[in-house]
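Residue-level listing of the chains:
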Amino acid sequence: MGPDLTELLARARGDLRMGVPVVLHGKDGAVLVAAAETVSEVRLAEVLALGAVDLAITGRRAETLKARAYDGDLARVIVPGRAGLEWVQGIADPSEDLAQPMKGPLASRRDGEAVMHRVAIALCKAARLLPAALVVPVRADYATGQLLTELDAVAAGPLMASLHALGHVVSARVPLRAAENARLHIFRPDDGSDEHYAIEIGRPDRSKPVLARLHSACFTGDLLGSLKCDCGPQLNAALAQMGEQGEGVLLYLQQEGRGIGLANKMRAYALQDQGFDTVEANHRLGFEDDERDFRLGAQILEKLGFSAVRLMTNNPAKIAMMTASGIDVTERVPLKVGLSAHNERYLAVKAEKSGHLL
């Protein structure tokens, strides 16, 4: 009756979002993990009272802060005993970097393993929080009396990096402006994360390459009509072209902000207002250029019965991921729409730094 590891991971994501710590177990003992973004002053004081605390940040964020990332992809910044919530969140959140550039000197831990720190950061990313976590060693039986979620770090790390199975939930007819003969398919991951959608136009022949688009959710562009990106125009143009041709499949993947979530996307926008481009803003937040996993799209296409696509995209990474996932991309269909004075630099950075064919 107890939860398995996948279910415990889902519980841990929810705990961290609410500011509740979790416990990770590894070969060298156990650690308590709290998300820097959501930890309260009271819980921070309790964490600091447990012993020597590290603030695990990504190598990208460490580069901005000039902190030594002895572990390559992350830095274990030693938290001073006198540190308060403002100090912790100032390291994690770059919003005040320009106003308060002096963050250090920061000392990084270099001895011992960083496995559980790596898992802690991955958990924060999966919870759509800033990728920064407080990590402190605890007794192996610490969680028993505290009723905290416990995870096997050695098993949890690879599981989070794997592609979780998507289950088909339901399909129904949804007439659209672009095409009245449309159906919406709902797919739910078995790890309890966000559902993804497939919009099927017409009744495409499964034996032939289907006109398809992988579209990442964009609340600001798709719903609000934001002019900062080209997402809304791409969504509408793709559906319109499928409607004109009488068939197609648009995959609507819940990977807002290149996979970092809406809140972090707004943080990136705020950094762009300070003069940083899209990629620079992501790096200052501690994320990679693009955190999305397009294998989800390949899995949905397979479940719908498609093995080949004419892919509507300007992004070569999507083509590479589809091909690597067993979907044959027989043609790249360009989708160049939505250029405006507000997103001209954004699109230029897409081409220059992300290789988009614009």
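Cut-offs used in this document
- Residues numbered from 1 in each chain as written.
- Predicted model: local features only at pLDDT ≥ 70, side-chain atom pairs only at ≥ 80, totals over all residues.
- Heavy atoms only, no water.
- Helix = DSSP H or I, 4+ residues; strand = E, 2+ residues; numbered from the N terminus.
- Rg over C-alpha atoms; globule rule 2.2 N^0.38 Å.
- Buried < 20%, exposed > 50% of the residue type's maximum accessible area, 1.4 Å probe, protein only.
- Areas by Shrake-Rupley, 256 points an atom, 1.4 Å probe, with all protein chains shown as cover.
- Lys, Arg positive; Asp, Glu negative; His and termini not counted.
- Charge placed at Lys NZ, Arg CZ, Asp CG, Glu CD.
- Pairing = 2+ DSSP bridges.
- Axes fitted to C-alpha atoms, helices over the stretch in contact; angles between N-to-C directions.
- Core = buried A, V, L, I, M, F, W, Y, C linked by side-chain atoms within 4.5 Å.
- Contact = heavy atoms within 4.5 Å.
- 1 Å grid on protein atoms, 1.4 Å probe; cavity = no way out; pocket = protein on both sides within 12 Å on 5 of 7 lines; lining within 4 Å.
- Points joined across faces, edges and corners; volume = space filled by probe spheres on them.
- Nonpolar A, V, L, I, M, F, W, Y, C, P; charged D, E, K, R; others polar.
- Domains from an automatic or database assignment.
- Buried area = accessible area lost by both parts, 1.4 Å probe.
- Salt bridge = Lys/Arg side-chain N within 4 Å of Asp/Glu carboxyl O.
- Polar contact = N/O pair within 3.5 Å; in protein donor to acceptor, adjacent residues only side chain to side chain.

Chemist: Account for the overall build of the protein, naming residues and giving values.
Modeler: On a plain count of helices and strands, the protein comes out with 15 helices and 13 strands. Here the C-alpha radius of gyration of the protein, 22 Å, is about what a compact globule of 358 residues would show, namely 21 Å. Summarising its shape, the C-alpha atoms of the protein cover approximately 65 × 55 × 30 Å along the three principal directions. Across the 358 residues in the protein, those meeting the buried criterion constitute 49%. Summed over its atoms, the accessible surface of the protein is roughly 16,300 Å², and 52% of this surface lies on carbon and sulfur atoms. If you average the places of the 41 positive and of the 45 negative side-chain charges in the protein, the two averages end up 2 Å apart.

Chemist: Can you explain the sheet that holds strand β8 (residues 182-189)? Please cite residues and give values.
Modeler: Spatially, 7 strands are ordered β7-β8-β9-β11-β10-β12-β13 in an open sheet, and the strand pairing comes out mixed. Only two strands of the sheet have a single partner each, and these edge strands are β7 (166-173) and β13 (328-333). The average angle at which neighbouring strand axes cross in this sheet is 25 degrees, direction not considered.

Chemist: I'd like a rundown of the nonpolar core, residues and numbers included.
Modeler: Of all hydrophobic cores here, the largest spans 40 residues; its most connected members are Leu 32, Leu 55, Ile 57 and Leu 134. The residues touching Leu 55, leaving out its near neighbours within four places in the chain, are Ala 36, Ala 75, Arg 76, Val 77, Val 79, Trp 87, Val 88, Ile 91, Ala 132, Ala 133 and Leu 134. In terms of nonpolar packing, the next biggest core, distinct from the first, is built from 25 residues, Leu 16, Val 33, Leu 129 and Ala 153 among them.

Chemist: Talk me through the layout of surface pockets; I want residue IDs and the actual numbers.
Modeler: When its volume is computed, the largest pocket comes out at roughly 1,200 Å³. As for the largest pocket, its lining consists of 43 residues, and the residues nearest its centre are Ala 122, Lys 125, Ala 126, Arg 128 and Met 160. Listed by contribution, the elements that provide at least two residues to the lining of the largest pocket are α1 (5-18), α3 (59-65), α5 (115-126), α7 (153-161), α10 (256-259) and α13 (295-304). Of the residues forming the lining of the largest pocket, the biggest block, 7 residues, is contributed by α5. Here the lining of the largest pocket is composed, by residue class, of 16 nonpolar, 12 polar and 15 charged. Mapping the lining of the largest pocket onto the domain boundaries places at least three of its residues in each of domain 1 (5-159) and domain 2 (166-255 + 292-354).

Chemist: Summarise the domain arrangement of the protein; cite the residues concerned and give the values.
Modeler: On domain assignment, one finds that the protein holds domain 1 (5-159) and domain 2 (166-255 + 292-354). Computed from C-alpha coordinates alone, the two centres of domain 1 and domain 2 are separated by 35 Å. Between domain 1 and domain 2, the contact holds 4 residues from the first and 5 residues from the second. Interface of domain 1 and domain 2: buried area, both sides summed, is about 270 Å²; carbon and sulfur atoms make up 38% of it. When residues of domain 1 are sorted by the area they lose upon contact with domain 2, Thr 6, Arg 13 and Arg 128 head the list and together hold 92% of the total. Counting the contacts that link domain 1 with domain 2 gives 0 salt bridges. Summed over the shared surface of domain 1 and domain 2, the number is 1 residue pair in polar contact (both at pLDDT 80 or more).

Chemist: So, the sheet that holds strand β5 (residues 132-138): which residues are in play, and what are the values?
Modeler: Backbone-to-backbone hydrogen bonds pair the strands of a sheet. The strands run either parallel or antiparallel. Strand order in the open sheet formed by 6 strands is β4-β3-β5-β2-β1-β6, and the pairing between neighbours is mixed. The sheet terminates laterally at β4 (74-78) and β6 (150-152), the two strands that pair on one side only. When the angles between neighbouring strand axes are averaged without regard to direction, this sheet yields 30 degrees. Examined bridge by bridge, strand β1 (residues 22-26) and β6 share 3 bridges and lie parallel to one another. Its bridge partner being in β6, His 25 is matched across the sheet by Asp 152. Its contacts with the sheet put α1 on β1, β2 (29-35) and β6, and the angle it makes with β6 is roughly 130 degrees. Sheet strands in contact with helix α4 (residues 85-92) are β3 (54-58), β4 and β5, and its direction is about 20 degrees off that of β3.

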